[in-house]
Each structure stands twice: as structure tokens, then as C-alpha cells.
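Summary of the model geometry
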Amino acid sequence: MGRIGVLLLNLGGPDKLEDVGPFLYNLFSDPEIIRLPFRWMQKPLAWFIATRRQKTSQENYKQIGGGSPLRRITEEQGEAIKCQLGKLGQEANIYVGMRYWHPYTEEAIAQLTQDNIDKLVILPLYPQFSISTSGSSFRLLEQLWKENPKLQGLEYTVIPSWYKASGYLQAMSELIIGELEKFPDPDHVHIFFSAHGVPKSYVKEAGDPYQQEIEECTYLIMQTLNRPNPHTLAYQSRVGPVEWLQPYTEDALKELGGKGVKNLVVVPISFVSEHIETLQEIDIEYREIAEEAGIHNFGRVPAPNTNPVFIQALSDLIIDALKQPDLKLSQVTQMKKRVRMYPQERWEWGITTSAEVWNGRIAMLGFIGLMIELVTGKGLLHVIGLLH
Ligand SMILES: C=CC1=C(C)c2cc3[nH]c(cc4nc(cc5[nH]c(cc1n2)c(C)c5CCC(=O)O)C(CCC(=O)O)=C4C)c(C)c3C=C
Ligand SMILES: [Fe+2]
Ligand SMILES: [Fe+2]
């Protein structure tokens, strides 16, 4: 095998406070994040929600130094993977493709089409698959592939999710032990897995395998850890009014505090890099909630970042993927279509002339309502809690 390319996919984060607004706009413009019946409403609503959320979000980023460390850490992970692959005798170019901020996936693709690589391995930096994370990036790549004849000639393979990889489980287990051993009685510390939440409808209606993968991942980490500690799984970072996967992290912490738990370590389970949801949400917000609930000794397991066991695990995954039959983007996205992934497709099924007329009328009413709410600050979105 000649020179390979590795495309690392991640969400991206604002580098500085001025980036927060445009970053949020990009995020909320994604139909895999906010699912609307009418595509044309996506951009105005994204602008509206991003504008309303910007201040709170900026305050949060201020608390972690004025920007996200995600780009820096992802690039460091890339460097470490390149180095490890070199040791394994595999030369590689590493590309970082973020979904909603720089370096965008499109920028990475532009670069890699110029370089002479023999094969590309696409690796999302999310251990578990969700339609809102890896799924969204795969969708974008599928689109870029369709548009670019140069890409159509490129040999590639995709790693859809990798939470079962033994090296990853080992790295998580070692990181947990490191934190447990800071306590005087490590075996009695409560291990609290905090996964990023997604709306419940993604799983129940759209068929997102995310919840099942998170549950299995938690189970496998506990197996690898092989310690007697009690553990809990909960879901963090809910945004907006709809129901997300439960239990919510804040409720579960209060409940455990109420039951007399005093020593607890949080394990962030959907992320492999430190970012706002570990550094601000867990370390500041959830710590405060836990302490108020009587959990006086609150620890947090670091994200794997460039942990050597973790980097070795990712490098092994890449080498293995090169030996396996290729997995194509159409295979990882088609799997989801069969389980009725996208609400917007549901709306397209019924397109008839009269349905379109009615769709248009309802959409127009919705848009007028949104504009009134924007001007007056009162309306349905405020009542249901989407806007404050
Ligand atoms: C509104 C819906 C959102 C869903 C669904 C969602 C899923 C999801 N996100 C991550 C990982 C990350 N999210 C990050 C930022 C971020 N995500 C949302 C919203 C949803 N995420 C918002 C509004 C933001 C911006 C921050 C904020 O205002 O709260 C990031 C980047 C963090 C950074 O340091 O900049 C990551 C990473 C996962 C894993 C996930 C579902 C599994
Ligand atoms: Fe989030
Ligand atoms: Fe998110």
C-alpha cells in the first residue's frame, strides 16, 4: 500500500468569541440537527435561533478561555496518529474536516484531492454513530462525492463507528482508573457516564442507533474496567423544548445526591476531546448541581485527547480498515434511509399539487408567526421554551 490519507471528522467549534454566532448559524442550518418540515424555513430559523443563543453560548465560551480547544486538540490527535502510523510502517497524510467550523470538511477535501494519495480512510472522531454527528458528516461527504468527478476516482473506505474497539475500551478504562485512584476508597466511587443527548425522536422515530451504541459502550467499558463500582448512564446538553434521551444528567445527579452519594466521577462518553461540554458544562455547571445535591467529591475523567493507548487504538482501526473490504458512503447512509431517517423525506412522499398548496399555506403562516415573534418577543416558541 502506498501513501494513504486519513480524514478525521469532527464537529468543529468557534476559535474565538466573534465566531460563536456564525458557528451556531452553521450548526442550526443543518437539517440533521434541527429537523423542519420545510427546507426553506431552515436558514431563517437557523439565523433566528443562533442570534438568540449567541449571548449565552458566548458566556460559556468565555468561561473556557474565549474559544473552543477542539481544533487544536483534533490537530494534535492527527499529528499523533501520523506518528504512530509511521511507526507501524504506514506513511499517511492526515486531514481534519470539521462540520460547522474551520477547517471545514470542504477545505479538507479540496486539499486531499490535490495530494497524490492512493487511498483514503474516513474516520469520524465520534466513537458512537448518531445521525446528528457522523451521519451529518457522511451526508455532506456523499454530496461532495456526487459533485466532484475527481473524488469519484478516489479509492476510500469509511469507519462508521468504533466504540467496540478494544484499544479504545482499554484507554477509557485506564483513564477512569486514574481518576478513581484519586479517591481514598476507589471501589465505592460512583461512576457516572454522561453521554451527549439527542432528541428522543431521533432514536424512536428516525431509527438512530445512537442510544443502543451508547448503552453497549457503557457496558463494555464497565466489563473492561472489571471493578465493583456502581454506575449510572445519563444524557447531557439538551437544547430546545422537545424531549431528549433520558435520564438527563442534571436530574440523575440530583437523584444520586438525594440517595446519599458523596463521591462520584463523571465519564464523558460521546467525546474524545476536551471541549465546551466537558470544560464548561460538566466541570462548571454539573459540578455545581452535584455539590448542591450533596455530592462533595466530584471528579471528572479526562477526554482521551492524545492519550497514547487511545492514539494506538485509532491507528490500529485505520490499519484494520485498509485490510477489510471497503465500506462506501452509500452503504453507511443507505442503512439509515431504510429506517426512515429523515423527516424531510416523509414530507416529500405526499407531494401532490394540492398537498403542495397546503404545505405552502401552512409554511407561510408559520413564517409570519416567526416574524411576529421575532419583533414582539412573544409567541409559541417562547411559550414552549425554544426561545428565551
Ligand atoms: C440542537 C441540537 C444538538 C444536537 C442534536 C447535538 C448533538 C451532538 N453534539 C455533539 C458534540 C458537540 N456539540 C458541540 C456544540 C454544540 N452542539 C449543539 C447542539 C446540538 N448538538 C450546540 C448548540 C452547540 C454549541 C455550543 C452551545 O451553544 O452549547 C460541540 C463543539 C463544542 C466546542 O467546544 O465548541 C461538540 C463536539 C455530539 C457528540 C452530539 C450527539 C451525539
Ligand atoms: Fe451540545
Ligand atoms: Fe452538539
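All values derive from a computational prediction rather than experimental measurement.

Observations concerning the packing of aromatic side chains
Applying the stated rule across the entire model yields five aromatic pairs. When the ring of W145 is compared with that of Y156, the centres are 4.8 Å apart and the planes differ by 55°; the resulting orientation is tilted. Placement of W145 in helix α5 (residues 134–147) and of Y156 in strand β4 (residues 156–158) is noted, with a sequence separation of eleven residues between them. Taking the centre distance of 5.3 Å and the plane angle of 85° together, the rings of W162 and Y168 count as edge-to-face. Per residue, the accessibility class of W162 equals that of Y168, and both read buried. Grouping aromatic residues by their ring pairs yields a cluster made of W162, Y168 and F310. When the ring centre of Y156 is taken as origin, the NZ or CZ atom of K328, which lies over that ring, is 3.8 Å away.

Regarding the confidence of the model for the protein
Averaged over all residues, the pLDDT of the protein equals 89, while 86% of them reach at least 70. Across residues 337–364 the pLDDT falls below 50, and counting only partners more than four positions away or on other chains, this stretch makes 31 contacts in the model.

With respect to the site of ligand 1
Residues in close proximity to ligand 1 total 26 residues, the closest being R53, S57, Y61, S68 and I276. Residue H196 places a side-chain N or O atom 3.2 Å away from a nitrogen atom belonging to ligand 1. Side-chain polar atom of E277 to a nitrogen atom of ligand 1: 3.5 Å apart, as the coordinates give it. Elements represented by at least two residues in the shell around ligand 1 include exactly α1 (20–28), α2 (42–63) and α11 (276–292). Per-element tally for the shell around ligand 1: the top contributor is α1, with four residues.

So, the nonpolar core
Among the nonpolar cores identified, the biggest contains 73 residues, and I122, W145 and Y168 are the most heavily contacted of them. Apart from the residues lying within four places of it in its own chain, the contact partners of I122 are L7, L9, F138, L141, W145, Y156, T157, V158 and I159. Among the nonpolar cores identified, the runner-up in size contains 19 residues, and M41, A46, Y100 and W101 belong to it.

Quick notes on the coordination of the iron ion (ligand 2)
Each protein donor to the iron ion (ligand 2) is listed here as H196 (NE2) and E277 (OE); together their distances run 1.7 to 2.4 Å. Between the iron ion (ligand 2) and the iron ion (ligand 3) the interatomic distance comes to 2.9 Å. With H196 in strand β5 (residues 190–196) and E277 in helix α11, this pair connects stretches of sequence that are 81 residues apart. A single burial state applies to H196 and to E277, both of which are buried.

Details of the UniProt feature "binding site: Fe(2+)" (unreviewed entry) in the protein
The sites that carry the UniProt feature "binding site: Fe(2+)" (unreviewed entry) are, in the present numbering, H196 and E277. Their sequence span is 82 residues, while the largest C-alpha to C-alpha distance among them is just 8.6 Å; these annotated residues converge on one region. Leave out the neighbours within four places in its chain, and H196 touches Y210, Y235, Q236, S237, W244, S270, F271 and E277. Residue classification places E277 among the buried positions, given a relative accessible area of 19%. A distance of 3.4 Å separates a polar atom in the side chain of E277 from a polar atom in the side chain of H196.

Thoughts on the packing of helix α10 (residues 249–258) against α11
Put simply, α10 and α11 touch, their axes get as near as 8 Å, and they point 25° apart. Here α11 runs roughly parallel to α10, going by the angle between their axes. Seen along the crossing, α10 lies across α11 with a hand that is right-handed. Between α10, through T249, E250, L253 and K254, and α11, the contact on the second element is made entirely by Y286, I289 and A290. Taken together, the residues that form the contact of α10 with α11 break down as four nonpolar, one polar and two charged.

Things to note about the sheet that holds β5
The four strands lie next to each other as β6-β5-β7-β8, forming an open sheet whose pairing is parallel. The open sheet has two edge strands with one neighbour each: β6 (231–236) and β8 (297–300). Strand after strand, the sheet turns through a mean of 25° between neighbouring axes, direction not considered. Sheet analysis places β5 next to β6, joined by six bridges and oriented parallel. Its bridge partner being in β6, H196 is matched across the sheet by Q236.

Quick look at the pattern of salt bridges
Under the counting rule described, the total for this entry stands at 17 salt bridges. In this structure, the salt-bridge partner of K62 is E59, at a minimum N-O distance of 3.3 Å. Of this pair, K62 and E59 both sit in helix α2, three residues apart, roughly one helical turn. The partner of K259 in a salt bridge is E255, and the shortest N-O contact between them spans 3.2 Å. Exposure remark for K259: the relative accessible area of 63% places this residue in the exposed category. What makes E255 partly exposed here is its relative accessible area of 48%.

What counts and how
By convention here, each chain's residues receive numbers from 1 onward along its written sequence. Chains and ligands are labelled by the order in which they are written, letters from A for the one and numbers from 1 for the other. Under the rules for a predicted model, residues below a pLDDT of 70 receive no local features and side-chain atom pairs below 80 are neither given nor counted, while totals for whole chains, interfaces and linings still include all residues. Working from all heavy atoms in the structure, the side-chain values ignore hydrogens and water. The pairing test for Phe, Tyr and Trp rings, Trp by its six-membered ring, is centres within 6.5 Å, and the orientation test on the planes gives stacked under 30 degrees, edge-to-face over 60, and tilted for anything in between. Secondary structure elements are taken from DSSP: a helix is a run of H or I of four residues or more, a strand is a run of E of two residues or more, and numbering for both begins at the N terminus. Note on exposure labels: buried denotes an accessible area under 20% of the residue type's maximum, exposed denotes more than 50%, and partly exposed covers the range between, all computed with a 1.4 Å probe on protein chains only. Lysine NZ or arginine CZ positioned within 6 Å of the ring centre and within 35 degrees of the ring normal marks a charge as sitting over the ring. Each residue gets a pLDDT score, which is the predictor's confidence in that residue and runs from 0 to 100. Here a residue-residue contact requires only that any non-hydrogen atoms of the pair lie within 4.5 Å. Whether a residue is near a molecule or strand is decided by its heavy atoms; if any one of them lies within 4 Å of it, the residue is near. Throughout this description, a polar contact denotes any pair of N or O atoms lying within 3.5 Å of each other; where both atoms belong to protein, one of them has to be capable of donating a hydrogen while the other can accept it, and for residues adjacent in sequence the pair is counted only when both atoms sit in side chains. In this text, buried Ala, Val, Leu, Ile, Met, Phe, Trp, Tyr and Cys residues form a nonpolar core when linked through side-chain atoms within 4.5 Å. Counted as coordinating are nitrogen, oxygen and sulfur atoms within 2.8 Å of the metal, or 3.2 Å for Na, K and Ca, while water is not included, which may make sites look incomplete. UniProt positions are given in the numbering used here, feature names are shortened, and annotations may be inferred rather than shown by experiment. Comment: axis = line fitted to C-alpha atoms, over the contacting stretch for helices; angle = value between 0 and 180 degrees taken between N-to-C directions. By definition in this entry, angles of less than 35 degrees are roughly parallel, angles greater than 145 are roughly antiparallel, angles of 65 to 115 are roughly perpendicular, and the rest are oblique. Note on convention: near helix rotated counterclockwise from far helix by under a right angle means a left-handed crossing. Clockwise means right-handed. Under the scheme applied here, ten amino acids are nonpolar (Ala, Val, Leu, Ile, Met, Phe, Trp, Tyr, Cys and Pro), four are charged (Asp, Glu, Lys and Arg), and all others, including Gly, are polar. Strand pairing is assigned whenever DSSP identifies at least 2 bridges connecting the two strands. Salt-bridge detection follows one rule: a side-chain nitrogen of Lys or Arg within 4 Å of a carboxyl oxygen of Asp or Glu.

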